[in-house]
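# Report on the structure
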Amino acid sequence: AQTVTQSQPEMSVQEAETVTLSCTYDTSESNYYLFWYKQPPSRQMILVIRQEAYKQQNATENRFSVNFQKAAKSFSLKISDSQLGDTAMYFCAFMNKNSGGSNYKLTFGKGTLLTVNP
Amino acid sequence: DAGVTQSPTHLIKTRGQQVTLRCSPKSGHDTVSWYQQALGQGPQFIFQYYEEEERQRGNFPDRFSGHQFPNYSSELNVNALLLGDSALYLCASSSPRGRYGYTFGSGTRLTVV
């Protein structure tokens, strides 16, 4: 079974600064997807960024980028130029990329509460 | 383009009762998954429906059951409610295989008293 660990329950950052959220995972699979989701107080889980394990290049989406270290099973999220609207719970998630079938479930970490201070 | 719609938003039930939660997937999506999120925790996978069949199930008892309709909408049913079933229930939809990520609804907050 896959596990996802987020070792930082809470973090804070000043507006306009950069912050990095950590995530490690454990799997015996070689082909999978990794995601970062954001959950603001509105409760809706919003996809921030995704990474395919077979791609060595780190994914980027505007101010959000990841540092994917496959051998170390590490998948950290860097938020640049932090904004007040980035305040939310951030969840790291793993999905196995099975072939032949629709068995695609997400395994989440426990989350990191990020607060951006003015 | 409507995203994932869940109803109701909040619900209070008594121990032992039964509850039905509903989900309409995002337009163009045909796979629906349900997750339970306890307070302060990450979501836990309950089950996934595709082509009106349960394709995969997480570690949840048989009291949790579901259904998917021909229009891809889905229901989550929980029988014999326990206090521990109090949680946020999230519905997520995707295209087949979910490779582009799932779109989540805002959830149903269930409180069992």
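Everything below is about the structure printed above this text.
Residues numbered from 1 in each chain as written. Chains lettered and ligands numbered in written order. Predicted model: local features only at pLDDT ≥ 70, side-chain atom pairs only at ≥ 80, totals over all residues. Heavy atoms only, no water.

This part is about the pairing of strand β10 (residues 88-96) of chain A. All names here are of chain A. Most of β10 is tucked away, with eight of its nine residues classed as buried. In this structure, strand β5 (residues 32-39) lies alongside β10, joined through eight bridges in antiparallel fashion. Residue Tyr37 lies in a different strand from β10, and its bridge partner there is Phe91. Pairing analysis gives three bridges linking β10 to strand β12 (residues 112-117), with the strands arranged antiparallel. (Buried < 20%, exposed > 50% of the residue type's maximum accessible area, 1.4 Å probe, protein only. Helix = DSSP H or I, 4+ residues; strand = E, 2+ residues; numbered from the N terminus. Pairing = 2+ DSSP bridges.)

All right, on to the pattern of salt bridges then. Taken as a whole and judged by the stated rule, the model has eight salt bridges over all chains. Notably, a salt bridge pairs Lys73 of chain A with Asp26 of chain A, separated by 3.7 Å at the nearest N-O pair. With Lys73 of chain A in the loop between β8 (64-69) and β9 (74-79) and Asp26 of chain A in strand β4 (residues 24-26), this pair connects stretches of sequence that are 47 residues apart. A relative accessible area of 26% places Lys73 of chain A in the partly exposed class. Asp26 of chain A sits in the partly exposed class, given a relative accessible area of 42%. Of the charged contacts, one joins Glu51 of chain B and Arg55 of chain B as a salt bridge, the two residues approaching to 2.8 Å between their closest N and O atoms. On the basis of relative accessible area, Glu51 of chain B is assigned to the exposed category, the value being 52%. You can call Arg55 of chain B partly exposed: its relative accessible area is 31%. (Salt bridge = Lys/Arg side-chain N within 4 Å of Asp/Glu carboxyl O.)

In this section: the nonpolar core. If you look at the biggest cluster of nonpolar residues, it comprises 25 residues, and the most contacted ones within it are Tyr25, Trp36, Phe75, Leu77 and Tyr90 of chain A. Put simply, the parts of the chain that give this core at least two residues each are β3 (19-21), β5, β6 (46-52), β8, β9, β10 and β12 of chain A. Per element, the largest residue contribution to this core is four residues, and it comes from β10 of chain A. If near-sequence neighbours (up to four positions away) are discounted, Leu77 of chain A is found in contact with Val19, Thr20, Leu21, Trp36, Val48, Ile49, Phe64, Ser65, Val66 and Tyr90 of chain A. Grouped together as the second largest cluster of nonpolar side chains are 20 residues, Cys23, Tyr49, Leu76 and Ala87 of chain B included. (Core = buried A, V, L, I, M, F, W, Y, C linked by side-chain atoms within 4.5 Å. Contact = heavy atoms within 4.5 Å.)

Residue and element names in this part refer to chain A. Most of β5 sits inside the fold, with eight of its eight residues counted as buried. Both faces of β5 are covered, namely the face carrying Tyr32, Leu34, Trp36 and Lys38 and the face carrying Tyr33, Phe35, Tyr37 and Gln39. One ladder, built from six bridges, connects β5 with β6; its direction is antiparallel. The residue of β6 that forms the bridge with Tyr33 is Glu52. Once β5 ends, the chain turns through six residues before running back antiparallel as β6, passing Arg43 with a positive phi of about 80°.

Residue and element names in this part refer to chain B. Structurally, Asn77 can be placed in strand β8 (residues 74-78). For Asn77, a relative accessible area of 14% corresponds to the buried category. Residues in contact with Asn77, not counting those within four places in the same chain, are Gln18, Val19, Thr20, Arg63, Phe64, Ser65 and Gly66.

Residues and elements named next belong to chain B. Mapped onto the fold, Thr31 is located in strand β4 (residues 31-37). Among the polar contacts listed, one links the side chain of Thr31 to the side chain of Asp30, at a separation of 3.1 Å. Thr31 has contacts with Gln48, Tyr49, Tyr50, Ala92, Ser93, Ser94, Ser95 and Pro96, leaving out every residue within four places of it along the chain. (Polar contact = N/O pair within 3.5 Å; in protein donor to acceptor, adjacent residues only side chain to side chain.)

This part covers unusual backbone geometry. Cis geometry is found at the peptide bond from Ser7 of chain B to Pro8 of chain B, where omega equals -10°. With a phi close to 55°, Asn62 of chain A is a non-glycine residue in the positive phi region. With respect to the element layout, Asn62 of chain A can be found in the loop between β7 (60-61) and β8. With relative accessibility at 79%, the residue Asn62 of chain A sits in the exposed group. A positive phi angle, near 55°, is found at Lys73 of chain A, a position not held by glycine.

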